[in-house]
Amino acid sequence: MPPEEKGEVEYEVVVVGAGIAGLACARALHQVGVQRVLLLDKYDGVRSDGAAVLLYPNGWHALEALGLDKLKDVYPTCHLRKQTNLETGETKEMLLTGTVDRPGIGVRTVHRKVLLQALAEELPQDNVRFTSRLVSIKSEPASGKTSLNFTKLQLDDGSVIRTKVLIGCDGVHSLVAEWLGLSQAAESKRSIIRGLAEFENGHNFSNELQEYVLKDKRGAFVPVNGKEVYWYITHDTGPRDLEATRRPKRTLMQVMHNLAEGFPDRFVNVVRYSDPNTVTRTYMLYRSLWGLLLGRPHRNLITVAGDAFHPIGSDLSLGSCMALEDAVILARHISSSMRNQHDREDAIEAYVKERRWRVAAVAAWSYMSVWTHHNWSELGFCGRAVKFLVEKVFDWFVGPRIMKTMNNDCRDLNSGGY
Ligand SMILES: Cc1cc2nc3c(=O)[nH]c(=O)nc-3n(C[C@H](O)[C@H](O)[C@H](O)COP(=O)(O)OP(=O)(O)OC[C@H]3O[C@@H](n4cnc5c(N)ncnc54)[C@H](O)[C@@H]3O)c2cc1C
């Protein structure tokens, strides 16, 4: 019996997950002219909770490619990153104003909700399905009867969708990544608490990313605009922290009275001015470097993007920018395969090939940055010596590479392809 007679709908591409990665993928595919793209999410709408996202130049280059650089006019550029070690009192400064060849693109902090809404605009509403949880995936390889590979997706309401291409943007606990056999994301034993402070009469902070480091804790704040300030704090996570997770008010209290102990008043004050509804705590999960390098994130026209591909739980907050880059590069390869009548599998393979090394490099620098926050002093003299060495290696070798990573330009949707 043909699929339509069995009540099965057929699509060219199905994107699972309407977070930053999924919305960006759907938008990019729509822009390059792929017809019949369906975007699915298990929630009843775009999940716009969360505070804000720090977008580095690589994120802005991707947004330019997606036609969303208008957001640059709404948010002020942050020019400087100041990192103060609260144990030694030393402050390091780093200029954030773009690259030599493309000066001025800078770093901006964007409301997560605004970014999601901007990515979602112009998506044909008929091609977005909420309250639709993917529960199983079955690949139907090409056989004698059909020369095409199809994937059957079963949703929790019992409906079945057939698609030629499946892109899993379903986050760190991705079902698609599991189907592909990628290693499970492991716990980093660190978590990040984020929030948004609002100063009704404006604040006096300059457009700088101010970071404080104290033992295992790293707190930062940065203005989003003249009234709002985004902040976050990362820290080693113990079992007691688990209890506070679902209670934003308690999380806020925990930051003010416990986690931010020893932090300057200006940081605590920013936290105090936050609406608990903007506060989220996320356990940072990561896929090992070997998992990223040796895993096979594509098979039978099925692949992953965003956190489903590369959960890199670290203090660097690069997840959103990397997800935007994924979308541009994947859509570019798919569009190039359409133009040149190449096989889609080759397009997806080319996407994975292009992303794998970049993702692994970003993960390596991110994981190394975590070492600098390890409490080496507990190990006595040897620990202090190791800490000194780690910090020197970080300053000379890792730091500049992280900056390069953040300035990467993924280019526009039509430049090249495989
Ligand atoms: C609620 C929330 C708040 C956040 N707040 C911030 C913040 O303030 N600042 C910041 O820097 N980062 C924040 N992040 C993290 C950041 O957005 C992501 O790390 C990054 O953007 C990568 O996004 P992603 O689209 O790959 O994954 P996610 O943002 O996790 O999106 C995955 C999507 O897949 C959907 N999904 C999962 N499984 C299924 C399934 N089986 N079927 C259908 N749909 C499924 C989920 O509902 C979700 O919408 C937040 C993430 C979330 C989920």
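Our subject is the structure listed above.
Residues numbered from 1 in each chain as written. Predicted model: local features only at pLDDT ≥ 70, side-chain atom pairs only at ≥ 80, totals over all residues. Heavy atoms only, no water.

Draft legend 1. Up close: the site of the ligand. The ligand sits among 28 residues. The nearest are A21, D41, A51, A52 and D307. At a separation of 2.9 Å, an oxygen atom of the ligand approaches a polar backbone atom of A21. Between the ligand and R112, the relevant distance is 3.2 Å, taken from an oxygen atom to a side-chain nitrogen or oxygen of the residue. Starting from 950 Å² of accessible surface for the ligand in isolation, the protein chains cover 88%. Looking at the shell around the ligand, the elements that each hand over two or more residues are α1 (20–31), β3 (52–55) and α9 (319–339). Of the residues contributing to the shell around the ligand, the split by class is 11 nonpolar, eight polar and nine charged. (Near = heavy atom within 4 Å. Polar contact = N/O pair within 3.5 Å; in protein donor to acceptor, adjacent residues only side chain to side chain. Areas by Shrake-Rupley, 256 points an atom, 1.4 Å probe, with all protein chains shown as cover. Helix = DSSP H or I, 4+ residues; strand = E, 2+ residues; numbered from the N terminus. Nonpolar A, V, L, I, M, F, W, Y, C, P; charged D, E, K, R; others polar.)

Draft legend 2. Inspection of the packing of aromatic side chains at higher detail. For the coordinates displayed, the defined rule picks out nine aromatic pairs. Ring centres of Y212 and F267 lie 6.3 Å apart, and the angle between their planes is 80°; on these two criteria the pair is classed as edge-to-face. Placement of the pair is Y212 in strand β12 (residues 208–214) and F267 in helix α7 (residues 265–272), with a sequence separation of 55 residues. We classify F267 as buried; its relative accessible area is 0%. (Phe/Tyr/Trp six-rings, centres within 6.5 Å; stacked < 30°, edge-to-face > 60°. Buried < 20%, exposed > 50% of the residue type's maximum accessible area, 1.4 Å probe, protein only.)

Draft legend 3. Focus on unusual backbone geometry. Here T131, not a glycine, exhibits a phi torsion of approximately 50°, which is positive. Among the structural elements, T131 can be located in the loop between β7 (128–129) and β8 (134–140). A relative accessible area of 51% places T131 in the exposed class. One non-glycine residue, K189, adopts positive backbone phi at about 65°.

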